[in-house]
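Spelled out, the chains give:
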2 protein chains.
Amino acid sequence: MIDPLAGEVARVTVRSHAGDYPVVIGSGLLDELPAALDGAVPGRRLAFVSDETVAGLHTERTLEACREAGLDARLFTFPAGEASKSRKSWSILTDEMLDAGYGRDSAVVAMGGGVTTDLGGFVAATYLRGVPVVQVPTTSLAMIDASVGGKTGVDVRAGKNLVGAFHAPALVLADSETLGTLDAELRAQGLVEAVKHGAIRDVEHLLAIEAGVDRLVDGEPSEWNEVVTRSVEIKADIVSRDEFEGGLRQVLNFGHTIGHALEAASEFALGHGSAVALGMLAEAEAGERLGVTEAGTRARLGALLDRLLPADLAVPSADAASDFLGQDKKAREGRARYVLLRRIGEVAEGDGWSHDLPDEVVLEVLKRAAT
Amino acid sequence: MIDPLAGEVARVTVRSHAGDYPVVIGSGLLDELPAALDGAVPGRRLAFVSDETVAGLHTERTLEACREAGLDARLFTFPAGEASKSRKSWSILTDEMLDAGYGRDSAVVAMGGGVTTDLGGFVAATYLRGVPVVQVPTTSLAMIDASVGGKTGVDVRAGKNLVGAFHAPALVLADSETLGTLDAELRAQGLVEAVKHGAIRDVEHLLAIEAGVDRLVDGEPSEWNEVVTRSVEIKADIVSRDEFEGGLRQVLNFGHTIGHALEAASEFALGHGSAVALGMLAEAEAGERLGVTEAGTRARLGALLDRLLPADLAVPSADAASDFLGQDKKAREGRARYVLLRRIGEVAEGDGWSHDLPDEVVLEVLKRAAT
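Everything in this summary refers to the structure shown in the same document.

1. Some details on the relation of the copies chain A and chain B
The transform that puts chain A on chain B rotates by 180 degrees and translates by 0.0 Å along the axis, for an RMSD of 0.0 Å. Taken together, the turn and the small shift mark the pair as related by a two-fold rotation axis. When C-alpha distances to the rotation axis are compared across chain A, the minimum falls at H17 of chain A, with a value of 3.7 Å. Comparing interface residues between copies, 100% of those in chain A also lie at the interface in chain B; the contact surface is shared.

The following block contains the structure:
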């Protein structure tokens with residue numbers, strides 16, 4: 001599958017109880033999708049799921065290539081935006097596929113950003129009790145995070161991602177050229193999760209991002225191939241060892257307990273990347289205050305993350321955010337749990353990879369994040 | 001867990017990728033639920049899910065016993081009937097649990113008939129991407145079939161059970177005393193699936209049902225313990241070897257391809273047991289016509305099933321039923337697949353445990369079923 005014109009193609013294997021799957025990363029890979037599907041999915045009927053924006057940019061063209069390769073492919077779209085990551089969109093897409101007669105010998109191809117990979121994945125997870133899904137992420141966030149690891153789901157009134165399923169993909173195909181169609185701010189948002197991967201596991205990865213951040217935000221594809229590949233390697237190693245988040249996988253939650261609370265309290269005016277960036281800074285600071293995290297960790301992360309945050313940040317009040325902490329999915333008996341770093345590249349183990357924090361420390365770091 | 005007053009307790013283990021689980025069968029077991037939950041589920045927060053009828057008959061009392069044992073248990077109800085096996089009920093139950101603050105350290109206890117075990121199981125499968133479910137079947141159908149094997153789901157416009165997930169329970173507890181609250185017709189409906197288990201796997205099981213049918217329909221608990229246990233053993237053996245219905249598990253579909261079509265064409269006026277009974281007779285006849293099934297098989301099944309069918313049968317026309325065949329979940333490229341017996345106790349292997357049938361044979365046996 002290596003195309004000399006397209007440059008190197010990287011391949012990372014993720015282990016899953018439902019079967020190992022490859023994540024393939026490179027430039028210009030969308031043209032390779034028909035060939036890559038051969039063997040990855042059992043049937044020849046494909047339901048492409050994309051939002052209306054991505055459909056016009058990438059999906060229709062790829063779908064046409066699949067048809068030319070003799071596959072029975074059809075497009076199912078939904079309106080772009082987080083509001084579509086809903087039980088309603090899931091119902092509509094499912095009913096449309098049922099009406100079109102898709103059986104168990106079909107597969108879903110979810111092509112787009114994190115909304116699409118989560119929503120399309122959940123459609124596949126529950127369609128006739130589960131059909132394969134192929135994830136084709138077209139944003140930096142979806143390539144680095146959402147498309148790998150099998151988490152699927154939708155948002156509900158009580159919060160984001162509260163309804164869903166673990167459904168490992170059959171194949172993930174990340175074409176870095178699609179990042180050229182994003183604006184710089186969106187590219188930067190996705191990079192925040194790569195910073196997280198460096199922070200929890202690999203100081204070299206963080207160094208590479210620090211060195212390349214301007215070219216990455218500018219959208220240089222070759223730079224992205226390396227960052228996406230390393231991030232996927234880190235995430236693949238973790239989720240291969242703990243697919244269902246019984247323990248180790250929780251380290252991927254660094255920055256997310258406070259990040260999710262800030263996001264919810266802002267009524268999602270704050271982007272996911274920005275929220276996680278602020279969450280990492282707050283959780284690094286909490287760790288430093290408690291003597292768990294090496295001094296200076298917050299400052300180093302801050303220097304890098306400041307370059308990724310947009311100028312206008314819709315940060316909610318600390319009180320508003322703290323109200324959402326007890327509702328976190330990983331809360332135990334109503335108390336939120338926090339992943340703390342020991343230092344850059346290493347998580348402090350705690351009790352099952354997470355920690356309880358004193359309420360006053362949480363409120364202090366939330367107040368600092370909110371300013 | 002054996003209580004001398006309650007008689008013997010049977011225990012069948014089912015293998016699952018998510019962990020093996022026990023099915024416990026006996027008389028008076030509901031009182032044992034608090035003890036049985038200890039160790040079976042990780043947390044102490046329980047969401048009981050029941051329809052309003054079963055809630056009053058069994059659940060409230062059991063929930064009270066759980067509370068006395070120090071468990072944090074609360075009841076979530078929905079209106080009785082197949083119409084509740086819907087995405088709407090699933091959404092409402094999920095939102096109620098979220099509003100009540102149930103976290104990942106909770107478990108769902110689905111107590112009731114097949115609607116409840118399927119619906120409650122699907123709530124658990126998708127709640128925060130999956131929490132454990134304990135199945136407590138209170139009908140013969142749910143004990144013999146629906147509660148074992150991990151199939152969960154809801155009905156949608158296009159058909160029954162078309163949206164759902166495989167979600168193996170943590171524990172199944174079947175108290176045969178609950179069958180005393182059913183009317184005889186409902187008890188008979190559940191027995192049809194036990195006849196199926198005998199037909200596909202175990203002639204001795206069929207002989208036992210033939211010998212005990214009157215006492216079973218009358219509701220004699222000790223008779224039921226044996227039949228439920230043997231049926232669960234047969235089903236457990238099959239689903240332990242093919243959890244996700246890749247091959248062998250399809251044998252459990254004997255009678256169901258035509259059964260589901262009859263059920264759908266009758267707009268569900270025909271009960272599931274009656275539909276499967278007619279489906280088994282039609283599929284046995286088709287097998288005999290094609291020389292796959294031993295002559296006399298249909299006649300023998302018919303003699304037994306006639307005693308289980310209600311006097312008034314809302315059988316749809318053959319044409320109406322045949323329209324639904326291509327929409328079957330196990331259809332391949334739009335063509336329905338059929339499980340055929342070689343003889344009582346043995347399935348004819350076919351192509352992956354199912355067969356294509358000539359359209360004219362299907363129409364002929366449908367016409368006979370419809371009269």
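2. Considering the interface of chain A and chain B
The partner chain B presents 33 residues to the 32 residues of chain A that form the contact. In total, chain A and chain B occlude about 2900 Å² of area from one another, counting both sides; carbon and sulfur atoms represent 52% of this. Linking chain A to chain B there are six salt bridges. A salt bridge links D95 of chain A to R87 of chain B, with the shortest nitrogen-to-oxygen separation between them at 2.7 Å. Inspection of the region where chain A meets chain B yields 13 residue pairs in polar contact (both at pLDDT 80 or more). Breaking the side of chain A that touches chain B down by element, the ones donating at least two residues are helix 3 (87-99), helix 4 (114-126), strand 7 (151-156) and strand 8 (159-166) of chain A.

3. Considerations on the packing of helix 3 (residues 87-99) of chain B against helix 4 (residues 114-126) of chain B
All names here are of chain B. It is the contact of helix 3 with helix 4, at a shortest axis distance of 10 Å, that shows an interaxial angle of 55 degrees. By the angle between their axes, helix 3 is oblique relative to helix 4. Taken as a pair, helix 3 and helix 4 cross one another with a handedness that is right-handed. On the side of helix 3, the interface is formed by S89, W90, L93, T94 and M97, while helix 4 contributes L119, F122, V123 and T126. Classifying every residue of the contact of helix 3 with helix 4 gives six nonpolar, three polar and no charged.

4. Regarding empty space enclosed by the protein
The final tally for this structure, using the stated rule, is two cavities of 30 Å³ or more. Surrounding the largest cavity, Q250, N253, K330, R337, Y338, V339 and S354 of chain B form its lining. Among the residues forming the lining of the largest cavity, the class breakdown is two nonpolar, three polar and two charged. Lining the second largest cavity, in full, are Q250, N253, K330, R337, V339 and S354 of chain A.

5. Quick look at the pairing of strand 9 (residues 171-175) of chain B
Residues and elements named next belong to chain B. The element strand 9 is extensively covered by neighbouring structure, given that five of its five residues are classed as buried. Of the two faces of strand 9, the one carrying L171, L173 and D175 and the one carrying V172 and A174 are both buried. Summarising the sheet, strand 2 (residues 21-26) and strand 9 pair through four bridges and their orientation is parallel. Counted as the bridge partner of V24 is L173 from strand 9. For strand 6 (residues 133-137) and strand 9, the ladder comprises two bridges, and the chain directions are parallel. Its bridge partner lying in strand 9, Q135 is registered against V172.

6. A look at the pairing of strand 8 (residues 159-166) of chain B
Regular strands have side chains that alternate between both faces of the sheet. Residues and elements named next belong to chain B. Most of strand 8 is tucked away: eight of the eight residues are buried. The pairing of strand 7 (residues 151-156) with strand 8 spans five bridges and is antiparallel. From the neighbouring strand, V156 faces strand 8, where its bridge partner is G159. Connecting the antiparallel pair strand 7 and strand 8 is a turn made up of two residues.

Basis of the calculations
Residues numbered from 1 in each chain as written. Chains lettered and ligands numbered in written order. Predicted model: local features only at pLDDT ≥ 70, side-chain atom pairs only at ≥ 80, totals over all residues. Heavy atoms only, no water. Least-squares fit on C-alpha atoms with pLDDT ≥ 70 in both. Contact = heavy atoms within 4.5 Å. Buried area = accessible area lost by both parts, 1.4 Å probe. Salt bridge = Lys/Arg side-chain N within 4 Å of Asp/Glu carboxyl O. Polar contact = N/O pair within 3.5 Å; in protein donor to acceptor, adjacent residues only side chain to side chain. Helix = DSSP H or I, 4+ residues; strand = E, 2+ residues; numbered from the N terminus. Axes fitted to C-alpha atoms, helices over the stretch in contact; angles between N-to-C directions. Parallel < 35°, antiparallel > 145°, perpendicular 65-115°, else oblique. Left-handed = near helix turned anticlockwise from the far one by under 90°. Nonpolar A, V, L, I, M, F, W, Y, C, P; charged D, E, K, R; others polar. 1 Å grid on protein atoms, 1.4 Å probe; cavity = no way out; pocket = protein on both sides within 12 Å on 5 of 7 lines; lining within 4 Å. Points joined across faces, edges and corners; volume = space filled by probe spheres on them. Buried < 20%, exposed > 50% of the residue type's maximum accessible area, 1.4 Å probe, protein only. Pairing = 2+ DSSP bridges.

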